[in-house]
Amino acid sequence: IDDYVDFVGKFAAITNAESTLSSYVDKVEAARAVAQSEKPSPAPKVAVVMGGSGVSYVSGKDGFLASAIRVAGGEPVGAPGKKFVPLDPEVLAQNPPDIVIVPVDAAKKDEIGRAVDAVRNDPRMAAVPAVKNGKIVPFDGDVLLRKGSRVEKLIDGLHRA
């Protein structure tokens with residue numbers, strides 16, 4: 001998140017859009033401040049999983065999405081690295097998440113249940129505490145998976161999750 005805010009500041013200077021982008025950075029910083037002031041204790045372990053039966057992917061615990069999870073008060077779990085990688089159930093077994101977040105197309109309400117069911121019904125996920133406890137949270141994939149002008153929504157949504 002810090003790198004993103006720095007990038008936006010540099011981009012604003014190059015494009016002479018300091019006022020507009022300063023207002024946007026203020027929104028990101030406000031979302032961060034709220035999340036930081038209301039951190040859960042202990043921090044819940046959070047995995048972002050795409051897919052379901054068959055090939056699934058888990059988010060890396062070192063990238064932008066992981067940074068947003070930390071800012072929102074959680075601890076990312078998953079594979080080392082910055083990208084989504086094929087899900088290895090052993091990775092989640094070694095550090096089981098309290099919450100599994102699944103990206104969904106928020107405009108297609110019928111897809112939301114299917115995305116959650118795909119994770120819930122995946123036999124490889126059966127032993128994951130978050131799945132056993134029904135802590136599978138659908139999240140607008142457009143916000144979750146794309147860095148851009150919705151980072152404040154990402155932080156706020158992760159914090160609420």
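Residues numbered from 1 in each chain as written. Predicted model: local features only at pLDDT ≥ 70, side-chain atom pairs only at ≥ 80, totals over all residues. Heavy atoms only, no water.

Draft legend 1. Fine view of the overall build of the protein. Check the secondary structure of the protein and you find 8 helices and 6 strands. Mapped in sequence order, the helices and strands of the protein form the string α-α-β-β-α-β-β-α-β-α-α-β-α-α. A compact globule built from 161 residues should have a C-alpha radius of gyration of about 15 Å, and the protein, at 16 Å, falls within 12% of that. Its C-alpha atoms give the protein principal-axis dimensions of roughly 50 × 35 × 25 Å. Out of the 161 residues belonging to the protein, those deemed buried represent 41%. Expressed as a percentage of contacts within the protein between residues at least 6 apart in sequence, the contacts between residues at least 24 apart total 66%. Put simply, the protein shows about 8,600 Å² of open surface, and 54% of that area lies on carbon and sulfur atoms. Side chains of the protein carry 21 positive and 21 negative charges; the gap between the two charge centres is 2 Å. (Helix = DSSP H or I, 4+ residues; strand = E, 2+ residues; numbered from the N terminus. Rg over C-alpha atoms; globule rule 2.2 N^0.38 Å. Buried < 20%, exposed > 50% of the residue type's maximum accessible area, 1.4 Å probe, protein only. Contact = heavy atoms within 4.5 Å. Areas by Shrake-Rupley, 256 points an atom, 1.4 Å probe, with all protein chains shown as cover. Lys, Arg positive; Asp, Glu negative; His and termini not counted. Charge placed at Lys NZ, Arg CZ, Asp CG, Glu CD.)

Draft legend 2. View of the pairing of strand β5 (residues 99–104). Burial analysis of β5 places 6 of its 6 residues in the buried class, the great majority of the element. Because side chains alternate across β5, one face comprises the buried residues I99, I101 and P103, and the other comprises V100, V102 and V104, equally buried. Pairing of strand β1 (residues 45–50) with β5, which is carried by 3 bridges, proceeds in the parallel orientation. Bridge pairing in β5 links A47 to V100. Taken together, the 5 bridges between β5 and strand β6 (residues 136–140) define a ladder with parallel strand orientation. For V104, the partnering residue across the bridge sits in β6 and is D140. (Pairing = 2+ DSSP bridges.)

Draft legend 3. Seen up close, the packing of helix α3 (residues 64–71) against helix α8 (residues 151–160). At their nearest, the axes of α3 and α8 sit 8 Å apart, and the two run at 55° to each other. Judged by the inter-axis angle, α3 sits oblique to α8. Helix-helix and strand crossings are classified by hand; for α3 and α8 the assignment is right-handed. Here F64, L65, A68, I69 and V71 of α3 come into contact with α8, specifically with V151, L154, I155 and L158. Here the contact of α3 with α8 is composed, by residue class, of 9 nonpolar, no polar and no charged. (Axes fitted to C-alpha atoms, helices over the stretch in contact; angles between N-to-C directions. Parallel < 35°, antiparallel > 145°, perpendicular 65-115°, else oblique. Left-handed = near helix turned anticlockwise from the far one by under 90°. Nonpolar A, V, L, I, M, F, W, Y, C, P; charged D, E, K, R; others polar.)

Draft legend 4. Structural view of the packing of aromatic side chains. Tallied over the full model, the rule gives 3 aromatic pairs. Each ring, one from Y4 and one from Y24, has its centre 6.4 Å from the other, and the planes form 85°; the classification is edge-to-face. In this pair, Y4 sits in helix α1 (residues 2–15) while Y24 sits in helix α2 (residues 18–37), placing the two residues 20 residues apart along the sequence. Using a relative accessible area of 11% as the deciding quantity, one classes Y24 as buried. (Phe/Tyr/Trp six-rings, centres within 6.5 Å; stacked < 30°, edge-to-face > 60°.)

Draft legend 5. Looking closely at empty space enclosed by the protein. Counted under the stated rule, the structure contains 1 cavity of 30 Å³ or more. The volume enclosed by the largest cavity comes to roughly 40 Å³. Considering the residues around the largest cavity, the lining is formed by V46, A47, V48, S59, G60, K61, L65, A66, I69, P76 and V77. Within the residue set of the lining of the largest cavity, elements represented by two or more residues are β1 and α3. Each residue belonging to the lining of the largest cavity can be placed in one class, and the counts come to 8 nonpolar, 2 polar and 1 charged. (1 Å grid on protein atoms, 1.4 Å probe; cavity = no way out; pocket = protein on both sides within 12 Å on 5 of 7 lines; lining within 4 Å. Points joined across faces, edges and corners; volume = space filled by probe spheres on them.)

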